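Here is what each chain is made of, one letter per residue.
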Amino acid sequence: MSIQSITQILTKYGSSLALGVRTTVIIALVGTILGFLLGLVVGGIKAIRLDLTASTPAKICKKILDCIINIYITIFRGTPMMVQALFIYYALLDFIHWDNFTAACFVITVNTGAYMAEIIRSGIQAVDVGQTEAARSLGMSNIQTMFSVVLPQAIKNAFPAIGNELIVNIKDSSVLMIISITELMFQSKSIAGSTFKFTDVYFIEAMIYLILTSICAFILNLIEKRINKDTTVSLPMSSTEPNSISYVQTKEQKGANSDYVSR
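This is a predicted model, so every value here is computed, not measured.

1. Overview of the packing of helix H1 (residues 3-47) against helix H2 (residues 56-78)
Two elements in contact, H1 and H2, have axes separated by 9 Å at closest approach and are oriented at 130°. Comparing their axes, H2 and H1 come out oblique. As for the relative orientation of H1 and H2, their crossing is left-handed in sense. Residues Leu38, Val42, Ile45 and Lys46 of H1 pack against Lys62, Leu65, Asp66, Ile69, Asn70, Tyr72 and Ile73 of H2. The residue inventory of the contact of H1 with H2, partitioned by class, reads seven nonpolar, one polar and three charged.

2. Considering the packing of helix H3 (residues 81-96) against helix H4 (residues 100-126)
For the pair H3 and H4, the least separation of the axes is 10 Å and the interaxial angle reads 130°. On the basis of their axis angle, the class for H3 and H4 is oblique. The two elements H3 and H4 cross, and the hand of that crossing is right-handed. Taking contact as the criterion, the partners of Met81, Gln84, Ala85, Ile88 and Tyr89 in H3 are, on H4, Asn100, Ala103, Phe106, Val107, Ile108, Val110 and Asn111. Classifying every residue of the contact of H3 with H4 by side-chain character gives nine nonpolar, three polar and no charged.

3. Examining the nonpolar core
In this structure, Ile27, Tyr72, Leu176 and Ile179 are the most contacted members of the largest nonpolar core, which totals 22 residues. Those elements that place two or more of their residues in this core are H1, H2, H3 and H4. Of all the elements, H4 adds the most residues to this core, at eight residues. Non-local contacts of Leu176, meaning those with residues more than four positions away in its chain, are made with Ile27, Met81, Ala85, Ala104, Val107 and Ile181.

4. Regarding unusual backbone geometry
In terms of backbone geometry, most residues other than glycine have negative phi values and most peptide bonds are trans. Look at Ser180: it is not a glycine, yet its phi comes out positive at around 65°. Tracing the chain through its elements places Ser180 in the loop between helix H6 (142-172) and helix H7 (184-195). The phi torsion at Phe196 lies on the positive side, around 60°, for a residue other than glycine. If you trace the backbone, Phe196 turns up in the loop between H7 and helix H8 (198-229). Exposure remark for Phe196: the relative accessible area of 64% places this residue in the exposed category.

5. Considering the packing of aromatic side chains
One pass over the full model with this rule turns up four aromatic pairs. Taking the centre distance of 5.7 Å and the plane angle of 55° together, the rings of Trp98 and Phe106 count as tilted. Considering the side-chain rings of Phe196 and Phe198, the 6.5 Å spacing of their centres and the 75° angle between planes classify their relative orientation as edge-to-face.

Cut-offs and rules
- Residues numbered from 1 in each chain as written.
- Predicted model: local features only at pLDDT ≥ 70, side-chain atom pairs only at ≥ 80, totals over all residues.
- Heavy atoms only, no water.
- Axes fitted to C-alpha atoms, helices over the stretch in contact; angles between N-to-C directions.
- Helix = DSSP H or I, 4+ residues; strand = E, 2+ residues; numbered from the N terminus.
- Parallel < 35°, antiparallel > 145°, perpendicular 65-115°, else oblique.
- Left-handed = near helix turned anticlockwise from the far one by under 90°.
- Contact = heavy atoms within 4.5 Å.
- Nonpolar A, V, L, I, M, F, W, Y, C, P; charged D, E, K, R; others polar.
- Core = buried A, V, L, I, M, F, W, Y, C linked by side-chain atoms within 4.5 Å.
- Buried < 20%, exposed > 50% of the residue type's maximum accessible area, 1.4 Å probe, protein only.
- Phe/Tyr/Trp six-rings, centres within 6.5 Å; stacked < 30°, edge-to-face > 60°.

On their own, these measurements won't tell you what the molecule is for.
Here's what the structure looks like:
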């Protein structure tokens, strides 16, 4: 491996590597965003706890949904993405007649959704129960409480893990070459097979992956700092709260002292 050899590869096959980088980034972004939305729904359903006054049909539906969700999460967290890609692509090919790019986005979405569901669920359960009780006492419905109080705090708490999934997807998208996706790994393998300079080509590939993940980590850190600077969700305190009472007492005491001085 030499600098001259690496320069020649970049000069001759730079466009192919750029195409691979573009495909990798698109698949990772699409899979992470759609996987987050899927995990938001699945994790939200799993985190819901029915009241004791819930009807019997509602309890039955919740148990069925929990069973389906547990099976989904167990399967996609317990099997390799490469196996999932092969099985899903060829199993649905005769029915959907989809192209390999659409199949790759679907596979990485459902795989990411399984991990996102657990991240969102843990984020929701980390929110103090008092927040939910306070929202309900103010007359907010379950849906209003979930979207206005619980989810904003849950997403904020789970953002580092959510952002980490994007970095993981950039790297794990390399296994999708098994269904002929022209991402970075596929292009690198093709170039290495043409030039027989395996060490040089895979060194370039490793550096590209490192640059991509480093840029994503930098951007995610900036977003996380921006989120942490925002005001947290809070509910108005009752006049009977200790803090409110002490504030009123302090205010009254200051008024009394001022009257005393004026005399």
